[in-house]
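Listed below, chain by chain, are the residues.
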Amino acid sequence: MTRFYNGPMDSLTIAGRTFRSRLFVGTGKYRSFQEMARCHEASGAEVVTVAVRRVNLDRSQESLLNHIDTSKHFLLPNTAACYTADEAIRTARLGREAGMSNWVKLEVIGDESTLFPDNAGLIEATRVLAKEGFVVLPYTNDDLVNARRLIDAGAAAVMPLGAPIGSGLGIQNLTNLRILREMIHEVPLIVDAGVGTASDAAIAMELGYDGVLMNTAIAAAEDSVSMATAMKLGVEAGRYAYLAGRMPKKLYAAASSPLAGVVR
């Protein structure tokens, strides 16, 4: 049965807001603001995440905010570099008060060397911010139980890591990500962190994930604009492949051409 067609990419809806692109991109580590803007354009991404604590929110001086076209891109503030729930909550409030958005990519870091999340702090901050009307997208590990607790706390989407932030290692635990996808359908699932190249993004999408968020993989590439284009295509290819339904895996060969009717 045909489940899809060779047309535009299907849309993604989070908390009632619909996006055409399933690729989310960041704003850090670029060689220049101009390069960042070119990469955003090449990626086709609509959602651009910004670290609230690393930008000049009053815009009195030039910052990356001056180089994001908000007519094309939706700002997703994030609480990067926050190590407690209280810090993350205050940072999210600051981003909203500065007029960025009432959405937040929520990070509560538990370990400085790995940047793995503090799950208890993440759940606490999610609960507080969701009650205050924030649309909360928490960055978390690939743990089913914790993901469910985040949903119960009010998360609008869950963003499990593929590998440590900025590592470029690609998807390291396919089993856990598959379990998450099979068990969670209440909210979108977006792979966040660890992607290194376009094939990593395609793998995440082939697992059935609703989107992929990345920054370093594009910003640290030798040709960042070309990599942004590759990531756009990788996400699209993976989504199409997931919707198409791959053939079953077999241990032995199976001839592409049937033997029935062959002249002997």
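What you see is a predicted model, and the numbers here were worked out from it, not measured in a lab.

Caption draft 1: Examining the packing of helix H6 (residues 198-206) against helix H8 (residues 224-244) more closely. Interhelical geometry of H6 versus H8 gives an angle of 25° and a closest axis separation of 7 Å. When the axis of H6 is compared with that of H8, the two are roughly parallel. Our pair here, H6 against H8, has a crossing hand that is right-handed. Contact residues: Ala198, Ala201, Ala202, Met205 and Glu206 in H6; Ala230, Met231, Gly234, Val235, Gly238, Arg239, Ala241 and Tyr242 in H8.

Caption draft 2: Region of interest: the packing of helix H1 (residues 33-43) against H8. Between H1 and H8, the shortest axis-to-axis distance is 8 Å and the interhelical angle comes to 25°. Classed by the angle they form, the pair H1 and H8 counts as roughly parallel. For the element pair H1 and H8, the recorded crossing hand is right-handed. Residues Glu35, Arg38, Cys39, Ala42 and Ser43 of H1 form the contact with H8, whose own contacting residues are Ser224, Val225, Ala228, Thr229 and Lys232. Across the contact of H1 with H8, the residue classes tally to 4 nonpolar, 3 polar and 3 charged.

Caption draft 3: Structural detail: the packing of aromatic side chains. All told, the structure shown has 4 aromatic pairs when counted by the stated rule. Aromatic side chains Phe19 and Phe24 sit 6.3 Å apart centroid to centroid with 65° between the ring planes, which places their arrangement in the edge-to-face category. Considered together, Phe19 and Phe24 belong to a single accessibility category, that of buried residues. A centroid spacing of 5.9 Å and a plane angle of 50° characterise the contact between Phe19 and Phe74, whose relative ring orientation is tilted. Of the two residues, Phe19 is situated in strand E2 (residues 17-19) and Phe74 in strand E5 (residues 74-78); the sequence distance between them amounts to 55 residues. Just as Phe19 is buried, Phe74 falls in that class too. Members of the aromatic cluster, each reached through a chain of ring pairs, are Phe19, Phe24, Phe74 and Trp103.

Caption draft 4: Focus on the pattern of salt bridges. Considering all chains together, one arrives at 11 salt bridges under this definition. The residue Arg181 makes a salt bridge to Asp210 at a minimum N-O spacing of 2.8 Å. Here Arg181, found in helix H5 (residues 174-183), pairs with Asp210, found in the loop between H6 and strand E10 (211-214); they are 29 residues apart in sequence, far enough to count as distant. Accessibility assignment for this pair places Arg181 and Asp210 in one class, buried. Within this structure, Asp10, Arg22 and Arg239 form a network of salt bridges that share partners.

Caption draft 5: Focus on the pairing of E5. For E5, a buried count of 5 out of 5 residues is recorded, marking the element as mostly surrounded by other parts of the structure. Here E5 shows no split at all, with Phe74, Leu76 and Asn78 on one side and Leu75 and Pro77 on the other all buried. Looking at chain direction, strand E4 (residues 47-51) and E5 are connected through 5 bridges and run parallel. Pairing of Val47 across the sheet is with Phe74, part of E5.

Caption draft 6: Main features of H8. With 21 residues, H8 should cover 30 Å at 1.5 Å per step; its first-to-last C-alpha distance of 30 Å lies within 8% of that length. For H8, the complete set of buried residues consists of Ser224, Met227, Ala228, Met231, Gly234, Val235, Gly238, Arg239 and Leu243. The buried residues of H8 occupy an angular sector of 155° when the element is viewed end-on, so they sit on one face. The inward-facing, buried residues of H8 abut strand E3 (23-25), H1, H6, E10 and helix H7 (216-219). Two residues or fewer after H8 comes Gly245, characterised by a positive phi angle close to 85°.

Quick notes on the rules
Residues numbered from 1 in each chain as written. Predicted model: local features only at pLDDT ≥ 70, side-chain atom pairs only at ≥ 80, totals over all residues. Heavy atoms only, no water. Axes fitted to C-alpha atoms, helices over the stretch in contact; angles between N-to-C directions. Helix = DSSP H or I, 4+ residues; strand = E, 2+ residues; numbered from the N terminus. Parallel < 35°, antiparallel > 145°, perpendicular 65-115°, else oblique. Left-handed = near helix turned anticlockwise from the far one by under 90°. Contact = heavy atoms within 4.5 Å. Nonpolar A, V, L, I, M, F, W, Y, C, P; charged D, E, K, R; others polar. Phe/Tyr/Trp six-rings, centres within 6.5 Å; stacked < 30°, edge-to-face > 60°. Buried < 20%, exposed > 50% of the residue type's maximum accessible area, 1.4 Å probe, protein only. Salt bridge = Lys/Arg side-chain N within 4 Å of Asp/Glu carboxyl O. Pairing = 2+ DSSP bridges. Expected span 1.5 Å × (residues − 1). Arc of directions from axis to C-beta.

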